[in-house]
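Residues per chain are reported as follows:
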Amino acid sequence: QVQLVESGGGLVQAGDSLRLSCTASGRTSSFSSYTMGWFRQAPGKEREFVAAVNWNGGSTSYADSVKGRATMSRDNAKNTVYLQMNSLKPEDTAVYYCAAKRGGIATAVFTYAYWGQGTQVTVSS
């Protein structure tokens, strides 16, 4: 069993930056083998893919909506992944979730087995 806890969300203004963190605890011996993803869910909308990184950080994938503004990375020694978000827009407002899966990068919610509780990001105009 792996627990994921996000942090770093908050209230920011358009154009600002944030770095979200997600730290794994519990049975973390396999953390380095997981693909990790970030998803977000805005009020009244479905949860959507934001970014993912493979087991060693050598491959990443980003949603079109955040390409050029988001960078995902991981530090396996710290059991932690990050999402750096720059040039934030009001449409980035959502609860951001980190998730983990076995196997390679994927974008579908249902393929991720472990989820954090989410951290709120609010971007004012």
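Everything below is about the structure shown above.
Here goes a summary of the coordinates provided. The structure presented is a predicted model; accordingly, all values stated were derived computationally and were not measured. Position numbers for residues count from 1 along each chain, tracking the sequence in the order it is written. Note on the predicted model: pLDDT of at least 70 is required for a residue's local features to be given, and 80 or more for side-chain atom pairs to be given and counted; whole-chain, interface and lining totals, by contrast, use all residues. Excluding hydrogens and water, the side-chain values take into account all heavy atoms of the structure.

## A few points about the nonpolar core
Inference 1: Buried Ala, Val, Leu, Ile, Met, Phe, Trp, Tyr and Cys residues form a nonpolar core when they are joined through side-chain atoms within 4.5 Å. In this scheme, a residue with accessible area under 20% of its type's maximum is buried, one over 50% is exposed, and one in between is partly exposed, where area comes from a 1.4 Å probe on protein chains only. Leu-4, Met-36, Trp-38, Met-72, Leu-83 and Tyr-96 are the most contacted members of the largest nonpolar core, which totals 36 residues.
Inference 2: The set of elements that each furnish at least two residues to this core consists of β1 (2–7), β3 (18–26), β4 (35–41), β5 (48–53), β7 (70–75), β8 (80–85), β9 (94–101) and β11 (119–124). Working definition: helices are DSSP H or I runs of at least four residues, strands are E runs of at least two. Numbering for both runs from the N terminus.

## Considering the pairing of β7
Inference 1: Burial along β7 is one-sided: the face carrying Ala-70, Met-72 and Arg-74 is buried and the face carrying Thr-71, Ser-73 and Asp-75 is not.
Inference 2: In short, DSSP must find at least two bridges between two strands for them to pair. Relative to β8, β7 is paired through six bridges, and the arrangement is antiparallel. Across the sheet, Ser-73 pairs through a bridge with Tyr-82, a residue of β8.
Inference 3: Linkage of β7 to β8, two consecutive antiparallel strands, is achieved through a turn of four residues, within which Asn-79 is found at a positive phi near 55 degrees.

## What about the side chain of Thr-80?
Inference 1: Relative to the helices and strands, Thr-80 resides in strand β8.
Inference 2: Residue classification places Thr-80 among the buried positions, given a relative accessible area of 5%.
Inference 3: Pairs of N or O atoms are called polar contacts if they sit within 3.5 Å, as long as, within protein, a hydrogen donor faces a hydrogen acceptor (for residues adjacent in sequence, only side-chain-to-side-chain pairs). Within the structure, the side chain of Thr-80 is placed 3.1 Å from the side chain of Thr-23, a separation counted as a polar contact.
Inference 4: Discounting residues that sit within four places of it in the chain, Thr-80 has contacts with Ser-21, Cys-22, Thr-23, Phe-31, Arg-74 and Asp-75. For this analysis, residues touch if any pair of their heavy atoms sits within 4.5 Å.

## Digging into the pattern of salt bridges
Inference 1: Each reported salt bridge corresponds to a side-chain nitrogen of Lys or Arg within 4 Å of a carboxyl oxygen of Asp or Glu. Throughout the structure, instances matching the rule amount to four salt bridges.
Inference 2: The salt bridge partner of Glu-48 is Arg-40, with a shortest N-O separation of 2.7 Å.
Inference 3: Residue classification places Arg-40 among the buried positions, given a relative accessible area of 4%.
Inference 4: As a salt-bridge pair, Lys-67 and Asp-64 come within 3.1 Å of each other at their nearest N and O atoms.
Inference 5: By relative accessible area, Asp-64 is classed as exposed at 66%.
Inference 6: Residues participating in the shared-partner salt-bridge network are Arg-40, Glu-48, Arg-69 and Asp-92.

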